[in-house]
Amino acid sequence: MKLNITAIADRMIWFITLIFLVLSLTISFALGDANYGAYVLFVCLFGLIIFYLIREQGVIKFRFTWMHGYMLLFIGACYLSTINAIEPSVALSRSFDIVKIFFMLIILYMCYQDKKSVDTLLKIGMWTGYIVCFYTVYFYGLDYFITVLSSSARIANDALNANTVGLLGANAIVMTLYYMLYDRPRWWNIIVLPTLGILAATGSRKALVFVVVGTVLLFVFKSLRSANVVNSIVKIIGSLLALTLVGIAVLQLPMFSEVLDRMSSMVDAFSGTGGDSSTIIRMALVDIGWDLFYQSPITGVGVNNPSVFTYFVYGKENYYLHNNYIELLAGTGVIGLLAYYSMYIYIAYNLIRYRNFHSNEYVMVLILFLSQIVMDMGMVSYESKSTYFYMMMFYLGVQLLRKGRKNEAQQVV
């Protein structure tokens, strides 16, 4: 049987991308005290280049896009923020990290720029979530997780941050439900059940909210496809009622008691009637962020420099502000915030302009995009490699929508 070298190279690109994303999230604690994690990631990127050249028969197809342009603007804003930085070395180090991510993005974009859909990227994101979740179980031990779930506690942050694990699991669950609803159920979909247990053990409020809201949106968008408005309304109401009953039943399980208690405490904190220490600290961090912004509103106090200020308050190293908007506003000022989110504005504009709720991929990309915008209010994401992977996915998604709309217009003419 004749080997299809192009197909094999393409499959290897998929596999190496998956490994790269998993390692970018786990390698810092998987290697322990070893300091060669960056070299491992470099080898992965080098492998992508090799198999890309094999697939394209030695031809390099580089296209400079709006995504690259916006990324360069953000890099410029990061370096500009060093002017007023309290610790310029901290700002320079983080700026160089973003430069390295930029080159990562160039390689990834070259590998996927000619794909006819973003399905491959969606599946990479989904399996990354599952692998990281189950590796976290392996890291702590199954007995530890069982103890956590039975005692209504939450896992420690000795490995990956518990909220990060929860969000990765939530992403994987919602994407699996997407394939079940918009494609067809498969035997491996059962993996959702243990992942729900892992999500509960993380105690992540953001993860639980995303699973609930993401599931509801999947059913709502599915129901909107009916040509009959009355049928669509009936389907939406029926779906929401069914999901409400199932959700109430699932959340009654003892393993969700911790995250529900944390949700209740968060509401108490915002209403001024109490609250848990986590929410109170996050609210205090936002106040610190605003104070830092007022010190240097245009260029900020230096990218990643808010951690310098929080160290004096809380005595913790690399303690970020737990809000991407405030973190960028304080660290890079108005210029940095606009430079970073200009890419998201571009994507949002095109998602609205070329909206197509009959496209399965459009629905999933829209849900993931909205979740990123909302979740950034409770997490710092600008320094994560996986954030830019999803940014690339969103960008490719809108380019495919634009191309499809253009082809439809040409056919009409």
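Structure: above.
Rules and cut-offs
Residues numbered from 1 in each chain as written. Predicted model: local features only at pLDDT ≥ 70, side-chain atom pairs only at ≥ 80, totals over all residues. Heavy atoms only, no water. Helix = DSSP H or I, 4+ residues; strand = E, 2+ residues; numbered from the N terminus. Contact = heavy atoms within 4.5 Å. Phe/Tyr/Trp six-rings, centres within 6.5 Å; stacked < 30°, edge-to-face > 60°. Buried < 20%, exposed > 50% of the residue type's maximum accessible area, 1.4 Å probe, protein only. Lys NZ or Arg CZ within 6 Å of the ring centre and 35° of its normal. Expected span 1.5 Å × (residues − 1). Patch = residues over 30% accessible without salt bridge, like charges linked within 9 Å, V, L, I, M, F, W, Y side chains within 5 Å. Areas by Shrake-Rupley, 256 points an atom, 1.4 Å probe, with all protein chains shown as cover. Salt bridge = Lys/Arg side-chain N within 4 Å of Asp/Glu carboxyl O.

### Describing the environment of Phe293
- Its place among the elements puts Phe293 in helix α12 (residues 277–295).
- Separated by 37 residues in sequence, Phe293 and Ala330 place their C-alpha atoms 4.3 Å apart.
- In contact with Phe293, other than residues within four places in its own chain, are Leu329, Ala330 and Val334.

### Considering the packing of aromatic side chains
- The tally for this structure, following the rule as stated, stands at 32 aromatic pairs.
- Ring geometry for Phe74 and Tyr382: centres 6.1 Å apart, planes at 80°, overall edge-to-face. With a gap of 308 residues between them, Phe74 in helix α3 (residues 66–80) and Tyr382 in the loop between α15 (360–375) and α16 (385–412) connect regions that are remote in the sequence.
- Given the relative accessible area of 1%, Phe74 is considered buried.
- On the basis of relative accessible area, Tyr382 is assigned to the buried category, the value being 1%.
- Between Phe293 and Tyr294, the ring centres sit 5.7 Å apart and the planes meet at 50°, which makes this aromatic pair tilted.
- An aromatic cluster of three or more residues is present, and its members are Phe74, Tyr325, Tyr340, Tyr341, Tyr344, Phe369, Tyr382, Tyr388, Phe389, Tyr390 and Phe394.
- Over the ring of Trp14 we find Arg11, and its NZ or CZ is 5.5 Å from the ring centre.
- One residue, Lys222, lies across the ring of Tyr182, its end atom 5.0 Å from the ring centre.

### Re helix α9 (residues 205–223)
- Given a rise of 1.5 Å per residue, 19 residues ought to cover 27 Å, and the 27 Å separating the end C-alpha atoms of α9 matches this to within 8%.
- Residues of α9 that are buried: Arg205, Lys206, Ala207, Leu208, Phe210, Val211, Gly214, Thr215, Leu218, Val220, Phe221 and Ser223.

### Side note on a nonpolar patch on the surface
- A contiguous nonpolar surface patch, about 650 Å² in accessible area, is contributed by Ile5, Ile8, Phe42, Val43, Phe46, Ile50 and Ile54.
- Elements represented by at least two residues in the nonpolar patch include exactly α1 (5–30) and α2 (37–55).
- It is α2 that contributes the most residues to the nonpolar patch, five residues altogether.
- By secondary structure assignment, the location of Ile8 is in helix α1.
- With relative accessibility at 40%, the residue Ile8 sits in the partly exposed group.

By themselves, these observations are geometric and do not establish any function.
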